[in-house]
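# Structural description and commentary
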Amino acid sequence: MTTSVNAPLSARGKLASAMPAEQLAEITELFALRRTGYSLDAPFYTDPTIFKLDMEAIFGQHWIFAGSVAELPEPGDYITVDYGPYSLIVLRTDEGDVNVLHNVCRHRGARVLTEAAGSTGNLVCGYHSWTYSPEGNLIHASAPGEAKFDKNCFALKRAHSREVAGLIFVCIADVPPADFDETAKIFEPYLAPHDLSKTKIAYQQNIIEEGNWKLVMENNRECYHCDGHPELACSLFPTWGLTEGLIPAHLEEVWDRNKEAQSSLEERCRRYGLPYEVVEELDTRIAGIRISRESLDGEGESFSADGRRLSKKLLGDLRDFRLGRCSMHLQPNSWFHFLGDHVITFGVFPINEHQSLVRTTWLVADDAEEGVDYDLEKLTYTWKQTNLQDKAFVELCQQGAASPAYEPGPYMKSEYQVEAFINWYVQRVQEHLA
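Read on for a plain summary of the structure. (Residues numbered from 1 in each chain as written. Predicted model: local features only at pLDDT ≥ 70, side-chain atom pairs only at ≥ 80, totals over all residues. Heavy atoms only, no water.)

## Quick look at the sheet that holds strand 7 (residues 123–124)
On the basis of which strands lie adjacent, the open sheet formed by three strands has the order 7-8-9 and antiparallel pairing. Since the sheet does not close on itself, it has two edges, and those belong to strand 7 and strand 9 (138–140), each with one partner. The pairing of strand 8 (residues 131–132) with strand 9 spans two bridges and is antiparallel. Its bridge partner lying in strand 9, Thr-131 is registered against His-140. (Pairing = 2+ DSSP bridges. Helix = DSSP H or I, 4+ residues; strand = E, 2+ residues; numbered from the N terminus.)

Put into structure tokens, the structure is as follows:
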């Protein structure tokens with residue numbers, strides 16, 4: 001785990017303090033009246049003011065998944081991460097650390113780096129060529145006649161970063177939530193054996209969904225809708241999220257097969273010393289998490305129609321392809337599948353109250369060769385199809401939330417993780433408003 005040096009930026013409750021008292025009272029009451037066990041009222045998905053509050057209270061205060069080390073393998077490599085009004089530069093330094101800088105030139109506010117990813121030495125703003133070091137220090141600004149101009153006063157603003165088990169997280173708050181380190185201790189042993197430092201990007205997909213970011217996350221937190229994922233259903237047991245007593249008659253055979261596969265998986269995990277137990281603290285800690293290692297149908301190796309591996313190269317220190325999926329959900333914007341042959345990361349980056357960018361990245365062993373060790377179309381097929389199906393589901397919900405006829409509906413028992421996500425969200429915003 002590495003940590004960068006940080007500088008304060010945001011002010012807690014800035015939007016709330018600037019809001020007219022009557023409007024603040026209305027929003028506070030809306031959160032207070034949230035009906036447990038039901039979906040949120042329409043303004044949570046459609047109101048620009050609540051979206052701004054989300055950016056301040058959630059994305060402005062908490063740790064956000066930004067990418068993986070496979071996206072920054074060498075010094076100078078960078079990605080730009082945009083959400084809401086923010087744009088961040090996530091940069092690998094010569095020392096091997098990760099710097100996070102606000103992508104806002106200190107001269108006139110222009111975006112400094114305009115590409116989604118690349119490699120650079122110094123950072124040069126394209127507008128007036130103000131030039132910054134990888135640490136964000138202003139090292140050159142043409143200033144004819146400006147005798148009192150002090151470059152030391154105009155460094156790029158910095159944010160916090162954490163790199164854990166090859167995943168990179170950012171936080172723009174003055175003081176990030178301290179319990180992230182405790183959450184990291186939970187998930188690092190599950191993920192470390194897959195060794196993301198020895199992976200490469202096989203493919204990255206960006207989808208803009210016409211839906212509020214919370215609808216995207218809610219959709220991911222349940223499999224009640226998984227009959228709508230025929231490709232995923234080939235490898236992911238459709239009983240996911242169900243427990244004894246909730247299994248419908250048409251899934252009883254699947255449930256029995258799932259239990260047998262899970263038992264075999266756990267025996268292999270014990271043999272290899274891999275953690276597999278379910279840890280579920282989605283709304284009982286600030287850095288909410290759910291992680292487990294769960295069996296896949298068929299051969300139990302990967303997200304393929306028959307469950308067989310999609311890449312011939314094992315990841316990291318793993319000794320067996322039949323390791324199912326190590327699945328992790330992290331509040332507020334990410335989920336992951338770690339398999340024996342590849343890893344898939346998912347990040348949700350809000351654009352506005354009715355649009356979200358969903359970024360999916362497939363990682364394979366760094367010595368795997370496309371066309372030799374893996375077929376890119378086969379590797380990405382299941383989740384490309386699933387993502388498009390989820391996009392359609394989310395957009396249907398966004399359309400419904402915008403209708404005057406919409407009113408919150410009850411979550412089913414199998415949707416308890418959706419309820420936990422909403423609990424987490426409401427608690428965090430209320431803390432911010434307090």
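## Thoughts on the sheet that holds strand 15 (residues 325–330)
The seven strands are arranged 12-18-17-16-15-14-13 in an open sheet whose pairing can be described as antiparallel. With one partner strand each, in any of the chains shown, strand 12 (199–209) and strand 13 (279–281) form the two edges of the open sheet. Between one strand and the next, the sheet's axes are offset by a mean angle of 15°, whatever the strand orientation. Two elements, strand 15 and strand 16 (residues 334–338), share five bridges in a ladder whose sense is antiparallel. Each bridged residue has a counterpart across the sheet, and for Cys-326 the counterpart in strand 16 is Phe-338. With respect to the sheet, helix 8 (residues 376–401) is in contact with strand 12, strand 16, strand 17 (343–352) and strand 18 (355–365), its orientation differing from that of strand 12 by roughly 20°. (Axes fitted to C-alpha atoms, helices over the stretch in contact; angles between N-to-C directions. Contact = heavy atoms within 4.5 Å.)

## Some thoughts on the packing of helix 4 (residues 48–57) against helix 9 (residues 416–433)
Helix-helix packing is characterised by the crossing angle of the two axes and by the distance between the axes. One can describe the packing of helix 4 onto helix 9 by two numbers: an axis separation of 10 Å at closest approach and a directional angle of 85°. Regarding the angle of helix 4 to helix 9, the classification is roughly perpendicular. Packed against helix 4, whose contacting residues are Ile-50, Leu-53, Asp-54, Glu-56 and Ala-57, the element helix 9 presents Tyr-425, Val-429, His-432 and Leu-433 at the interface. Within the contact of helix 4 with helix 9, the residues separate by chemical class into six nonpolar, one polar and two charged. (Parallel < 35°, antiparallel > 145°, perpendicular 65-115°, else oblique. Nonpolar A, V, L, I, M, F, W, Y, C, P; charged D, E, K, R; others polar.)

## Overview of the pattern of salt bridges
Side chains bearing opposite charge may pair, as long as their charged atoms lie close to each other. As enumerated under the stated definition, the model contains 23 salt bridges in all. The partner of Lys-214 in a salt bridge is Asp-54, and the shortest N-O contact between them spans 2.7 Å. In this pair, Lys-214 is assigned in helix 6 (residues 213–220) and Asp-54 in helix 4, connecting sequence segments 160 residues apart. You can call Lys-214 buried: its relative accessible area is 0%. Across the pair Arg-325 and Glu-294 runs a salt bridge, and its minimum N-O distance is 2.6 Å. With Arg-325 in strand 15 and Glu-294 in strand 14 (residues 289–294), this residue pair connects regions lying 31 residues apart in the sequence. Neither residue differs from the other here; Arg-325 and Glu-294 are each classed as buried. (Salt bridge = Lys/Arg side-chain N within 4 Å of Asp/Glu carboxyl O. Buried < 20%, exposed > 50% of the residue type's maximum accessible area, 1.4 Å probe, protein only.)

Such coordinate-based values are descriptive only and should not be taken to indicate function.
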